[in-house]
Amino acid sequence: MNTSPVFRPLPSLAGARAEPIPGLRLQKLRRAAQDAREAFVKEGPVAAVATCELVTFPYPAPFAFSGAALSPAPYVMLTHRMQVVQFVDREGTRRTLLFNPSDYERGVLAPFYRALRERYGAFVSDKVMSTRHGSVQSHLAALGLTPADVDYLAFDHLHIQDLRGWLGGDGMPAYFPRARLLVQRSEWEVAAEPHPMQAVWLVPGGVDIPRERVVLLDGDVWLGQGAALLSTPGHTRGNMSLAVATSREVFVTSENGVATESYTPLQSAIPGVRRFAEHMGWEVVLNGNTREDSLDQYSSMVVEKLFAGTSSVDGAFVNFHPSSQLTAHVMAPGLSPTIVLPAPNFGDVRPSPASRRAA
Ligand SMILES: [Zn+2]
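Remember, it's a predicted structure, so these values are computed and weren't measured experimentally. (Residues numbered from 1 in each chain as written. Predicted model: local features only at pLDDT ≥ 70, side-chain atom pairs only at ≥ 80, totals over all residues. Heavy atoms only, no water.)

Comments concerning the pattern of salt bridges
What counts, and what does not: Salt bridge, as applied in this entry: a Lys or Arg side-chain nitrogen positioned within 4 Å of an Asp or Glu carboxyl oxygen. Buried means the residue's accessible area, taken with a 1.4 Å probe over protein chains only, is under 20% of the maximum for its type, while exposed means over 50%, and partly exposed covers the values in between. Every helix listed is a DSSP run of H or I at least four residues long, and every strand listed is a run of E at least two residues long, numbered separately from the N terminus.
This structure, assessed with the given rule, holds 16 salt bridges. A salt bridge links Arg 106 to Asp 103; its shortest N-O distance comes to 3.3 Å. On the basis of relative accessible area, Arg 106 is assigned to the partly exposed category, the value being 27%. Overall, Asp 103 belongs to the buried group, its relative accessible area being 11%. The shortest N-O distance in the salt bridge between Arg 132 and Glu 105 comes to 3.0 Å. With Arg 132 in strand β4 (residues 131–132) and Glu 105 in helix α4 (residues 104–107), the pair connects residues that are 27 residues apart, well separated along the chain.

What follows is the structure, given as structure tokens:
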């Protein structure tokens, strides 16, 4: 029988989120994010984290920086990454979480990408416009992990996700025999009954998985030493960010922004971005393909920025690592990232004792 995992809340953030006035909520979130970070760092680093590149894919340029970037190129290229995180939970057990293990072969069935494929043809959209770096399966094998080693799957949000191949459903066998999905209740509810403005990014039937494989979360969760899922609504209603402390730094990842410079737009060399931010008086520039909760997205990006802190590589930037990261490409002139931080890797990922006991 599956027992429910016991995660702690992160102190202070929930109280700030309850403030109903958006401007005041942002002020309260600023203080809360700094307090939460301090408590998070004090407990020490995560056991291990590895970053794995999955696929580089086209994404509409006007969305990437909310229309700020001045380029005639219709698409930018984003590289989608997965993090393999190992943390020690409250019971002292080392657990394995896959953050953004995207089954990208199935993700093309989301209406937005299905239409792109129909427009350009499967060959162009899959072979010319996209580059596959490795699958979830091949990355895990390279790290010495089996599917049974994985305790949890989580995604920053459910756009383009089809979970049936991983967790079973619609007659498909589950690739991961033990893993459970950690998802915000609000994200789960939207995925089950999307509004048309939300449905364009969702794979039809993608979340038809057995209910006992799903752990619904309400807000931030502190998974274990050095690992947390922050509730960062905006890009989607139940958006989450992964926060990890290593011995050197804290990093945060999500898709609220597509580049580290989205969080410090005054440092951006992409034509248009700095001027747009100055003109609007914005301290962050949103990944703007969704409009359902833009005020929250801005505030969540401020939380991510403060929680991550400055980069040890270049103190003018913050240690934010986009889950879908802007990537220089010949098809997207003038839209290369100003800086690309080294991908987070720390400690040694190893097979989990829980899976060995179960075997
Ligand atoms: Zn998205």
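Brief notes about the packing of helix α2 (residues 22–42) against helix α12 (residues 294–308)
Applied cut-off: The axes are straight lines fitted to the C-alpha atoms, using for helices just the contacting stretch, and the angles between their N-to-C directions are given from 0 to 180°. Throughout, the term roughly parallel applies to angles under 35 degrees, roughly antiparallel to angles over 145, roughly perpendicular to angles from 65 to 115, and oblique to all others. Each crossing gets its hand from how the near helix is turned against the far one by less than a right angle, where anticlockwise is left-handed and clockwise is right-handed. Note on contacts: a residue pair is in contact if any heavy atoms of the two residues lie within 4.5 Å. Under the grouping applied here, Gly and all other residues not named as nonpolar or charged are polar, the nonpolar ones being Ala, Val, Leu, Ile, Met, Phe, Trp, Tyr, Cys and Pro and the charged ones Asp, Glu, Lys and Arg.
Here α2 crosses α12 at 25°, and the two axes come no closer than 8 Å. Of the possible angle classes, the one that applies to α2 and α12 is roughly parallel. For the crossing formed where α2 meets α12, the hand is right-handed. Residues Pro 22, Arg 25, Leu 26, Leu 29, Arg 30, Ala 33, Gln 34, Ala 36, Arg 37 and Phe 40 of α2 pack against Leu 295, Asp 296, Tyr 298, Ser 299, Val 302, Val 303, Leu 306, Phe 307 and Ala 308 of α12. Here the contact of α2 with α12 is composed, by residue class, of 13 nonpolar, two polar and four charged.

Observations concerning the coordination of the zinc ion
Rule in force here: Ligating atoms shown are N, O and S within 2.8 Å of the metal, or 3.2 Å for Na, K and Ca, and water is not included, meaning a site may look less than complete.
The coordination sphere of the zinc ion, as far as protein atoms go, consists of His 157 (NE2), His 159 (ND1) and His 235 (NE2), spread over 2.1 Å. Along the chain, the residues donating to the zinc ion fall in the pattern H-x1-H-x75-H. On the criterion of sequence distance, the pair formed by His 157 in the loop between β5 (152–154) and α8 (164–167) and His 235 in the loop between β9 (227–231) and β10 (240–245) is long-range, its members being 78 residues apart. Taking the relative accessible area as the measure of exposure, His 157 reaches 3% and is therefore buried.

Here's the deal with the side chain of Arg 81
Keep this limit in mind: Counting rule applied: Lys, Arg positive; Asp, Glu negative; His and chain ends not counted. Polar contacts, as counted here, are pairs of nitrogen or oxygen atoms within 3.5 Å of one another; within protein the pair requires one atom able to donate a hydrogen and one able to accept it, and residues that are adjacent in sequence qualify only if both atoms are side-chain atoms.
With respect to the element layout, Arg 81 can be found in strand β2 (residues 75–88). Buried charge without a partner: Arg 81 forms no salt bridge, and the closest opposite charge is Glu 53, 5.2 Å away. Separated by 3.0 Å, the side chain of Arg 81 and the backbone oxygen of Pro 322 make a polar contact. Residues within four places of Arg 81 in sequence aside, it is in contact with Thr 51, Cys 52, Glu 53, Leu 54, Phe 99, Asn 100, His 321, Pro 322, Ser 323, Gln 325 and Ala 343.

Things to note about the sheet that holds β10
To keep it simple, the criterion reads: Pairing between strands requires that DSSP locate at least two bridges from one strand to the other.
Strands sit in the order β8-β9-β10-β11 across an open sheet of four strands; the sheet is antiparallel. Of all the strands in the sheet, just β8 (221–224) and β11 (250–253) have a single pairing partner and so form its edges. Between one strand axis and the next, the sheet turns through 20° on average, direction left out of account. Across five bridges, β9 lies against β10 in antiparallel orientation. In the strand pairing of β10, Leu 230 is matched with Ser 241. α12 contacts β9, β10 and β11 of the sheet and is inclined by roughly 155° relative to β11.

Section: helix α9 (residues 185–192)
An α-helical turn contains 3.6 residues, so a residue and the one three or four places further along point in the same direction. Put simply, the test is: The arc under discussion is defined with respect to the helix axis, by the directions toward the C-beta atoms.
What α9 keeps buried is the set Glu 187, Trp 188, Val 190 and Ala 191. Taken down its axis, α9 places every buried residue within 165° of arc, on the same side. Elements that come into contact with the buried residues of α9 comprise β6 (180–184), α10 (196–199) and β7 (214–217).

A few points about helix α5 (residues 111–120)
All of the buried residues in α5 are Phe 112, Tyr 113 and Leu 116. Looking straight down α5, one finds its buried side chains confined to an arc of 90°; they lie on one side. If you follow the buried residues of α5, they end up packed against β1 (48–60) and β2. Looking one or two places after α5, you find Gly 121, whose phi comes out positive at around 90°.

With respect to the nonpolar core
Quick reminder of the rule: In these notes, a set of buried Ala, Val, Leu, Ile, Met, Phe, Trp, Tyr and Cys residues joined through side-chain atoms within 4.5 Å is what counts as a nonpolar core.
Grouped together as the largest cluster of nonpolar side chains are 56 residues, with contacts concentrated most on Phe 65, Val 84, Leu 98, Leu 153, Leu 158, Phe 176 and Leu 181. No other element matches the seven residues that β1 contributes to this core. Not counting chain neighbours up to four residues away, the residues in contact with Phe 65 comprise Val 258, Ala 259, Glu 261, Ser 262, Ile 270, Val 273, Val 285, Leu 286 and Leu 326. By size, the runner-up hydrophobic cluster in this structure holds 27 residues, among which are Leu 10, Leu 26, Leu 230 and Tyr 263.

Digging into the packing of aromatic side chains
The geometry of an aromatic ring pair is captured by the separation of the ring centres together with the interplanar angle, meaning the angle of the planes. Put simply, the rule reads: In summary, the pairing rule links any two rings of Phe, Tyr or Trp, Trp by its six-membered ring, whose centres are within 6.5 Å, and it sorts them by plane angle into stacked for under 30 degrees, edge-to-face for over 60 and tilted for everything else.
Scanning all chains against the criterion turns up 16 aromatic pairs. Measuring from ring centre to ring centre gives 6.1 Å for Phe 63 and Trp 201, while their planes differ by 70°; the resulting arrangement is edge-to-face. Taken together, the residues span a long stretch of sequence, with Phe 63 in helix α3 (residues 61–64) and Trp 201 in the loop between α10 and β7 at a distance of 138 residues. Of the residues examined, Phe 63 reaches a relative accessible area of 25% and is grouped as partly exposed.

Topic: the environment of Trp 282
Turning to its location among the elements, Trp 282 is positioned in the loop between α11 (273–280) and α12. Judged by its relative accessible area of 27%, Trp 282 is partly exposed. A C-alpha to C-alpha distance of 9.6 Å links Trp 282 and Leu 266, two positions 16 residues apart in sequence.

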